[in-house]
Amino acid sequence: MKDIGAVLKNARENKEFTQKQVMELTGINKKSLSGYENNVAEPDLQTFATLINLYGLSADEVLEISTSAPCIFRKNCASVPEERSAIPLQTEQSSAG
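Conventions we followed
- Residues numbered from 1 in each chain as written.
- Predicted model: local features only at pLDDT ≥ 70, side-chain atom pairs only at ≥ 80, totals over all residues.
- Heavy atoms only, no water.
- Helix = DSSP H or I, 4+ residues; strand = E, 2+ residues; numbered from the N terminus.
- Buried < 20%, exposed > 50% of the residue type's maximum accessible area, 1.4 Å probe, protein only.
- Contact = heavy atoms within 4.5 Å.
- Areas by Shrake-Rupley, 256 points an atom, 1.4 Å probe, with all protein chains shown as cover.
- 1 Å grid on protein atoms, 1.4 Å probe; cavity = no way out; pocket = protein on both sides within 12 Å on 5 of 7 lines; lining within 4 Å.
- Points joined across faces, edges and corners; volume = space filled by probe spheres on them.
- Arc of directions from axis to C-beta.
- Polar contact = N/O pair within 3.5 Å; in protein donor to acceptor, adjacent residues only side chain to side chain.

Engineer: Could you give me a rundown of the overall build of the protein chain, with the residues and numbers involved?
Structural biologist: Counting secondary structure elements, the protein chain contains five helices and zero strands. Put simply, the protein chain runs from its N terminus to its C terminus through helices and strands in the order α-α-α-α-α. Considering the protein chain as a whole, with its 97 residues, one finds that 24% of them fall into the buried category. At a minimum sequence separation of 6, the contacts of the protein chain that also span at least 24 residues come to 49%. As presented, the protein chain carries roughly 7,500 Å² of accessible surface, and 49% of it is formed by carbon and sulfur atoms.

Engineer: Would you mind going over the layout of surface pockets in detail, with residue names and values included?
Structural biologist: Computed from the structure, the largest pocket encloses a volume of approximately 180 Å³. Around the largest pocket, the lining is made up of 12 residues, and of these Ile4, Glu42, Pro43, Phe48 and Leu63 lie nearest the centre.

Engineer: Break down helix α1 (residues 4-14) for me, citing the residues and quoting the values.
Structural biologist: Buried residues of α1: Gly5, Val7, Leu8, Ala11 and Arg12, and no others. Buried residues of α1, seen end-on, are gathered within an arc of 165 degrees and therefore sit on one face of the element. Against the buried residues of α1 lie α2 (19-26), α3 (30-37), α4 (45-55) and α5 (59-63). Of the residues flanking the start of α1, the one acting as N-cap is Asp3, its side-chain oxygen 3.3 Å from the backbone nitrogen of Gly5.

This is the structure we're talking about:
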C-alpha cells in the first residue's frame with residue numbers, strides 16, 4: 001500500500017493548494033490536515049473522500065486497488081466468463097441425529 005500521507009501531500013502540492021487553502025475549502029483543521037499528510041493520523045472515510053475529490057484523485061489510485069479484482073467487486077462484469085463471476089457458496093452439511 002502507498003504512503004497515503006505522502007500521496008495526499010503530493011496531490012495537494014500538485015494542485016498548488018496551501019494547507020490553509022485546503023482548510024478553508026474543507027473545514028479540516030490544521031492539526032488534522034498536517035497529521036494526515038505526515039501519517040500521524042488517518043482521515044475518516046468522509047474526510048478522505050473530501051480530500052481526494054478536491055485533489056482529483058480516485059480511491060483506487062490512492063489505495064492501489066487493482067482493476068483486475070474478481071467480477072463481484074466491479075460494476076461491469078459482462079466480459080468476465082460466468083465461472084469467474086461468482087464466488088461459490090459454502091453450504092453446511094446438516095447431520096441427522
